[in-house]
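Chain by chain, the residues:
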Amino acid sequence: MNGESVSQVWTDLLQLSGFAVVYLEQDAAHQRYFITVVPEHAIGVCPQCHRACDTIKQRRTRARILDLPIGSHAVELTVRVGHFECQHCGHCFTPPIPFLAEGSHATERLLGRAAELIRPSDVANAACFFGIPEKTLEGWYYAFIERGCPSGFWHL
Ligand SMILES: [Zn+2]
């Protein structure tokens, strides 16, 4: 996509279904990876007429999304998705990012793991473990619990 090369190794490691890693930067001093992912297929399904659509009008970026740590490194994702204009009905839409936790700068699987840690210990320990401010994680955690836990989630 856009002449960017996909890193298959990192795509396999990250395991975000349907998304590929196109950029990786390591901040060794702060033990952090910055990873950019894009959808593997540049096709969206129009929510209005339910037909496949490949006309991308512009790119949308969701930045600073925290994901599960890799080794000793925290992971911060940038997600680039297309904003489509349906060539069949003219409707404009951005396909949802399935792994993104609604209203949080975090992935659902990170919050799932955090929720597992929070139950036996507490928010402060989990926040420390993930390097997230305690109040921030607390807000995400409560929102996550209120949404109900997506099925199959706890075993990621
Ligand atoms: Zn349409």
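Predicted model only: the values in this text are computed from it and were never measured.

**Student:** Mind showing me how you'd approach the nonpolar core here?
**Tutor:** Burial of nonpolar side chains together is a common tendency in soluble globular proteins. Counting 18 residues, the largest nonpolar core has Leu110, Leu111, Ile118, Phe130, Ile132, Leu137 and Trp140 as the members making the most contacts within it. Elements with a minimum of two residues in this core: β5 (56-70), α2 (108-118), α3 (123-130) and α4 (134-147). In terms of residue count, the dominant contributor to this core is α2 (5 residues). The contact partners of Ile132, leaving out residues within four places of it in the chain, are Leu66, Leu110, Ala127, Leu137 and Trp140.

**Student:** Which parts of the structure should I look at to understand α3?
**Tutor:** Turn by turn, an α-helix covers 3.6 residues, leaving residues three or four places apart pointing in a common direction. The set of residues buried in α3 consists of Val123, Ala126, Ala127 and Phe130. Buried residues of α3, seen end-on, are gathered within an arc of 100 degrees and therefore sit on one face of the element. Away from its buried face, by an angle of more than 90 degrees, α3 presents the exposed residues Cys128 and Phe129. On its buried face, α3 is in contact with β5, α2 and α4. Remark: Gly131 follows α3 within two positions and exhibits a positive phi of approximately 65 degrees.

**Student:** Got a minute to help me understand the coordination of the zinc ion in this structure?
**Tutor:** By definition of the ideal shapes, a tetrahedral metal site with four donors has angles of 109.5 degrees and an octahedral site with six donors has angles of 90 or 180 degrees. The zinc ion binds to the protein through Cys46 (SG), Cys49 (SG), Cys86 (SG) and Cys89 (SG), with metal-donor distances spanning 2.3 to 2.4 Å. Note that the zinc ion binds 4 donor atoms; their angles at the metal cover 105 to 117 degrees, and the shape is tetrahedral. As a motif over one chain, the donors of the zinc ion read C-x2-C-x36-C-x2-C. In this pair, Cys46 is assigned in the loop between β3 (44-45) and β4 (52-53) and Cys86 in the loop between β6 (73-85) and β7 (92-93), connecting sequence segments 40 residues apart.

**Student:** I keep staring at the packing of aromatic side chains and nothing clicks. Help me out?
**Tutor:** Within a pair of aromatic rings, the relevant descriptors are the distance that separates the centres and the angle that separates the planes. For the structure shown, the criterion picks out 5 aromatic pairs. A centroid spacing of 4.9 Å and a plane angle of 85 degrees characterise the contact between Phe19 and Phe99, whose relative ring orientation is edge-to-face. Of the two residues, Phe19 is situated in strand β1 (residues 19-27) and Phe99 in the loop between β7 and α2; the sequence distance between them amounts to 80 residues. Across the pair, exposure class does not vary: Phe19 and Phe99 are buried alike. When the ring of Tyr141 is compared with that of Tyr142, the centres are 5.5 Å apart and the planes differ by 45 degrees; the resulting orientation is tilted.

Conventions we followed
- Residues numbered from 1 in each chain as written.
- Predicted model: local features only at pLDDT ≥ 70, side-chain atom pairs only at ≥ 80, totals over all residues.
- Heavy atoms only, no water.
- Core = buried A, V, L, I, M, F, W, Y, C linked by side-chain atoms within 4.5 Å.
- Buried < 20%, exposed > 50% of the residue type's maximum accessible area, 1.4 Å probe, protein only.
- Helix = DSSP H or I, 4+ residues; strand = E, 2+ residues; numbered from the N terminus.
- Contact = heavy atoms within 4.5 Å.
- Arc of directions from axis to C-beta.
- Donors = N, O, S within 2.8 Å, 3.2 Å for Na, K, Ca; no water.
- Tetrahedral: all angles 85-135°; square planar, octahedral: opposite > 155°, others 65-115°.
- Phe/Tyr/Trp six-rings, centres within 6.5 Å; stacked < 30°, edge-to-face > 60°.

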